Structures are given as structure tokens and as C-alpha cells.
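Topology and contacts: notes
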Amino acid sequence: VLADYQKMTKGMDSLLAGVRKAQETYKKAAQDAQTARNVLTAAQEQGKPTAKAEAVFKKAEAKMKECEETYKQAVEYSNKGFDRLYGAEIPRQLDELQDIYEQLYTETSKMLMAVYKAHNDTIDSLQKVNALLTEKVKDGMDMKADIAEFIAKTKTDKHPQKVKFEAIALNQPEKKAAPAA
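Each value, and the rule that gives it
Residues numbered from 1 in each chain as written. Predicted model: local features only at pLDDT ≥ 70, side-chain atom pairs only at ≥ 80, totals over all residues. Heavy atoms only, no water. Salt bridge = Lys/Arg side-chain N within 4 Å of Asp/Glu carboxyl O. Helix = DSSP H or I, 4+ residues; strand = E, 2+ residues; numbered from the N terminus. Buried < 20%, exposed > 50% of the residue type's maximum accessible area, 1.4 Å probe, protein only. Core = buried A, V, L, I, M, F, W, Y, C linked by side-chain atoms within 4.5 Å. Contact = heavy atoms within 4.5 Å. Patch = residues over 30% accessible without salt bridge, like charges linked within 9 Å, V, L, I, M, F, W, Y side chains within 5 Å. Areas by Shrake-Rupley, 256 points an atom, 1.4 Å probe, with all protein chains shown as cover. Phe/Tyr/Trp six-rings, centres within 6.5 Å; stacked < 30°, edge-to-face > 60°. pLDDT = per-residue confidence, 0-100. Expected span 1.5 Å × (residues − 1).

Applying the stated criterion across every chain, the model contains eight salt bridges. Two residues, E68 and K72, come together in a salt bridge whose shortest N-O distance is 3.5 Å. Of this pair, E68 and K72 both sit in helix 2 (residues 51-139), separated by four residues, roughly a single helical turn. Residue class for E68 comes out partly exposed when judged on its relative accessible area of 24%. You can call K72 partly exposed: its relative accessible area is 47%. Across the pair E96 and R92 runs a salt bridge, and its minimum N-O distance is 2.4 Å. Placement of the pair is E96 and R92 together in helix 2, with a separation of four residues, close to one helical turn. Judged by relative accessible area, R92 falls into the partly exposed class, the value being 32%.

What follows is about the nonpolar core. Membership of the largest hydrophobic core is limited to six residues, which are A33, A36, L40, A53, F57 and A60. Every element with two or more residues in this core is listed here: helix 1 (2-46) and helix 2. Leaving out residues up to four positions away in the same chain, A60 has contacts with A29, D32, A33 and A36. Within the second largest apolar cluster, five residues are counted, among which are M8, L15, L85 and I90.

A grouping of L94, L97, I100, Y101 and L104 is seen on the molecular surface, where their side chains present a nonpolar patch of about 490 Å² in accessible area. Of note, I100 is situated in helix 2. Judged by relative accessible area, I100 falls into the partly exposed class, the value being 42%.

Right, let's get into the packing of aromatic side chains. Considering all chains together, one arrives at two aromatic pairs under this definition. Seen in terms of ring centroids, F82 and Y86 are 6.0 Å apart; in terms of plane orientation they differ by 10°. Their pairing is stacked. Taken as a pair, F82 and Y86 lie in helix 2 at a separation of four residues, close to a single helical turn.

Quick look at the side chain of S78 now. Along the polypeptide, S78 turns up in helix 2. Look at S78 and you get buried, because its relative accessible area is 3%. S78 has contacts with M12, L15, L16 and V19, leaving out every residue within four places of it along the chain.

Right, let's get into the confidence of the model for the protein chain. In the predicted model, the protein chain carries a mean pLDDT of 86, and the fraction of residues at 70 or more is 94%. Ranking the helices and strands of the protein chain by mean pLDDT puts helix 1 first, with 91, and helix 3 (residues 143-154) last, with 79.

Under the 1.5 Å per step criterion, the end-to-end length of helix 1 is 65 Å for 45 residues, consistent within 8% with the ideal 66 Å. Residues of helix 1 that are buried include every one of M8, M12, L15, V19, A22, A29, A33, A36, L40 and A43, and no others. Its buried side turned inward, helix 1 meets helix 2. Backbone geometry just after helix 1 places G47 at a positive phi near 75°.

It is worth spelling out the environment of D32 at this point. Following the sequence through the fold, D32 ends up in helix 1. On the accessibility criterion, D32 (38% relative accessible area) is partly exposed.

Now the structure itself:
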């Protein structure tokens, strides 16, 4: 989501740079047209020939109108991009982020509940063991009696059998009869 946003922001920065460039070109063309108009007006006021100044002005004015149109198109394209960004893309990304955070909250909640249950189960087990030990201590600990009880419960008459060695005898190979001549 963040990468998408950064990509869109970079695209918008590029659009704005294009608008600024078109604006600067338009401003320069307008200054050139204004300068050409001033020269034409001065020539007319002084009664000088104006054909050359008029041609320069018309050319500068045409360039200014061309740059103005390019600038308007860049502004319109940029505004459409901003409308798309703020009207659709950012809300979509915010919805995605909300989904991610809701999922993160749900998963974190599940993990915390599991930790809580394991903690309680451990405490329950420890309390049971503690109760048994407490009971044993209260009854008095008698090591000799405990050992005798253990021996009585595990006593057996069976003895382990000893392992016997079993030898293997090698047989003599049979002799083959000599072939008849």
C-alpha cells in the first residue's frame, strides 16, 4: 500500500513539474508577446514602418496562444490526476490499510487469547502440583516409607537372562568326483 502511494505521489510530482514547466514557458511567451506589442506600439506612435514589428508581434502572440493552450491542457490533465488520486486511489488505499489493521488486530487478539489460556492452564497445573506437594508436606514426608513403597510397587521376581555365546561351525566343502577319463 505504501509503495503504491509513493508511486502515485511520484507521478503527481511529475505532473506538477510538467505544469510548472508549461507555466514558465507560457509566462516567457507572454513576456515576449508583451515586449513585441510595446515595440509595435512605440513604432506606431513614432510613425515608423510597422510591418516588421507587426510580424514579430503576431508571431509572438501565436507562440503565446500555443503555450497558453499547452499550459491549460497540463493544468486540466494534472487536475484530473488529482481528482483520481484523492477521489479514488487514496480512499481505496485507506480501505486497504483499514482491512490490514483490522486483520492485524484480529490476529493479535487471537494470539493474546492463546497466551492468556496457556498462562491460565500453566497456573492451574502448578496449583494442582502445589496442592499435592502441600498435602504431602502436611502429612509429613517419610523418605524411608516412600522408598519402601516404590520398591514394593516395582519389585519383580524376574531376573535378566544371561546371554549365551553360540558358535558357528564351518562345514567342509564337498569334494567333487574326478571326471571319468
